[in-house]
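Structural overview for review
Listed below, chain by chain, are the residues.
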Amino acid sequence: MKRLFTALLLLTLAGCSSGLRIDRSHPSANQDSRIQFVVLHYTNASLERSLALLTHGEVSSHYLIGDGPATVYQLVDENRRAWHAGDSQWQGRTWLNSSSIGIEIVNEGYMDTPTGRVWHPYSEAQVQALIALLKDIVKRNNIDPRHIIGHSDIAPLRKLDPGPLFPWKRLADAGLGIWPDAPSVARQQAYFEANPPTISWYQQQLARFGYAIEQTGELDVATRHVIAAFQMRFRPLLFDGTPDAQTAAILQVLNRKR
């Protein structure tokens, strides 16, 4: 019995002393960041409520930009997965929580009134803080600026954020996105007014841009939602989901940029 105990002790000590040795002297060149996208949201809540929901609720994000002052809070380490995107799809990739950084911005979204829906604006301080944060994230993770997208892009049937007052053009002017140039849009719009494209054309072009959309050839409810999401981002003065020459022109110009 004594000999058996001694043998087991020696085996245990031998295992502890050897441990696991990993040689990390040959890193592969064939790799990139797991982070491919940045998804932008509004919280539809006050700062206090937003912090509570994002730290102790069922959702989370990597960053939260407050209001008055526009403080940037980091709530989740970038190497960890935050729960901000949900059921989502963009450019054929699904469930973007695993491949994105989520940024929430304190903004109450909208309010329905007897005279129509009223959207809440973003403050200049919030926009400046967001641009600085995005530049840092894009640089560190080598993210394609065109992969900065909205929640409404990746889930157009159920989400509206960051809404029509979000300054997408400001971001594009800062090198953080894509925006159509007006002269090209005007030329294409004249063409499409004389030659209206089919619904199949819209569905194909929207899918090429990145949206998840079924190729039904019909102007169904889902197609209207996707068109509205695209319009809200690039033509925010009218985003009713109705295909028209200006929408077609913007879509054509943007797809030629990609």
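The structure we're discussing is the one just above.
Here the structure is a predicted model, which is why all the values come from computation and not from measurement.

As for the layout of surface pockets
Empty space within the largest pocket amounts to approximately 410 Å³. What lines the largest pocket is a set of 22 residues, among which Tyr 42, Thr 43, Glu 104, Lys 159 and Asp 161 lie closest to the centre. Every element with two or more residues in the lining of the largest pocket is listed here: strand S1 (37-42) and helix H2 (47-56). At 3 residues, H2 tops the list of elements feeding residues into the lining of the largest pocket. Residues belonging to the lining of the largest pocket are distributed by class as follows: 8 nonpolar, 9 polar and 5 charged.

A short note on unusual backbone geometry
Cis rather than trans, the peptide bond between Gly 68 and Pro 69 has omega equal to 0°. For Pro 69, the position within the fold is in the loop between strand S2 (63-65) and strand S3 (72-74). In this structure, Pro 162 follows Asp 161 across a cis peptide bond, with omega equal to 15°. Despite not being glycine, Gln 91 has its phi angle at roughly 50°, a positive value. Looking at where Gln 91 falls in the secondary structure, it is placed in the loop between strand S4 (89-90) and strand S5 (93-94). One non-glycine residue, Trp 95, adopts positive backbone phi at about 45°. Position of Trp 95 among the secondary structure elements: in the loop between S5 and strand S6 (100-105).

Digging into the packing of helix H7 (residues 199-209) against helix H8 (residues 221-234)
Viewed as axis vectors pointing N to C, H7 and H8 meet at an angle of 60°, and their least axial separation amounts to 11 Å. On the basis of the axis angle, H7 is oblique to H8. Where H7 crosses over H8, the two elements pack in a sense that is left-handed. Judged by residue contacts, Ile 199, Gln 203, Leu 206 and Phe 209 of H7 engage Thr 223, Val 226, Ile 227, Phe 230 and Phe 234 from H8. Among the residues forming the contact of H7 with H8, the class breakdown is 7 nonpolar, 2 polar and no charged.

Observations concerning the pairing of strand S8 (residues 116-119)
Relative to S8, strand S7 (residues 110-113) is paired through 4 bridges, and the arrangement is antiparallel. Its bridge partner being in S8, Asp 112 is matched across the sheet by Arg 117. Where S7 folds back on S8, the antiparallel hairpin that results is connected by 2 residues.

Some remarks on the packing of H7 against helix H9 (residues 245-257)
Packing of H7 against H9 brings their axes to within 10 Å, and their N-to-C directions diverge by 40°. By the angle class used here, H7 and H9 are oblique. When you trace H7 past H9, the crossing you get is left-handed. Mapping the contact onto sequence places Trp 201, Tyr 202, Gln 205, Leu 206, Arg 208 and Phe 209 in H7 and Ala 245, Thr 247, Ala 248, Leu 251, Gln 252, Leu 254 and Asn 255 in H9. Across the contact of H7 with H9, the residue classes break down as 8 nonpolar, 4 polar and 1 charged.

A closer look at the nonpolar core
A general trend in soluble globular proteins is that nonpolar side chains are found buried together. The biggest cluster of nonpolar side chains holds 28 residues, and the ones touching the most others in it are Trp 90, Leu 206, Phe 209, Tyr 211 and Phe 230. At the level of secondary structure, the elements contributing two or more residues to this core comprise S1, helix H6 (182-194), H7, H8 and H9. For this core, the element with the highest residue contribution is H9, accounting for 7 residues. Sequence-distant contacts of Phe 230, that is, excluding residues within four places in its chain, are made with Leu 206, Phe 209, Tyr 211, Arg 235, Thr 247, Ile 250, Leu 251 and Leu 254. By size, the runner-up hydrophobic cluster in this structure holds 26 residues, among which are Ile 101, Ala 129, Leu 130 and Leu 134.

Examining the environment of Gln 89
By secondary structure assignment, the location of Gln 89 is in strand S4. Gln 89 sits 35 residues away from Leu 54 along the chain, and the two C-alpha atoms are 22 Å apart. Gln 89 has contacts with Thr 94, Leu 96, Asp 153, Ile 154, Gly 210 and Ala 212, leaving out every residue within four places of it along the chain.

Quick word on the environment of Arg 80
The residue Arg 80 is located in the loop between S3 and S4 in this model. Owing to a relative accessible area of 61%, Arg 80 belongs among the exposed residues under this scheme. Spatially, the C-alpha atoms of Arg 80 and Ala 52 are 19 Å apart, while their sequence positions differ by 28 residues.

What counts and what doesn't
Residues numbered from 1 in each chain as written. Predicted model: local features only at pLDDT ≥ 70, side-chain atom pairs only at ≥ 80, totals over all residues. Heavy atoms only, no water. 1 Å grid on protein atoms, 1.4 Å probe; cavity = no way out; pocket = protein on both sides within 12 Å on 5 of 7 lines; lining within 4 Å. Points joined across faces, edges and corners; volume = space filled by probe spheres on them. Helix = DSSP H or I, 4+ residues; strand = E, 2+ residues; numbered from the N terminus. Nonpolar A, V, L, I, M, F, W, Y, C, P; charged D, E, K, R; others polar. Axes fitted to C-alpha atoms, helices over the stretch in contact; angles between N-to-C directions. Parallel < 35°, antiparallel > 145°, perpendicular 65-115°, else oblique. Left-handed = near helix turned anticlockwise from the far one by under 90°. Contact = heavy atoms within 4.5 Å. Pairing = 2+ DSSP bridges. Core = buried A, V, L, I, M, F, W, Y, C linked by side-chain atoms within 4.5 Å. Buried < 20%, exposed > 50% of the residue type's maximum accessible area, 1.4 Å probe, protein only.

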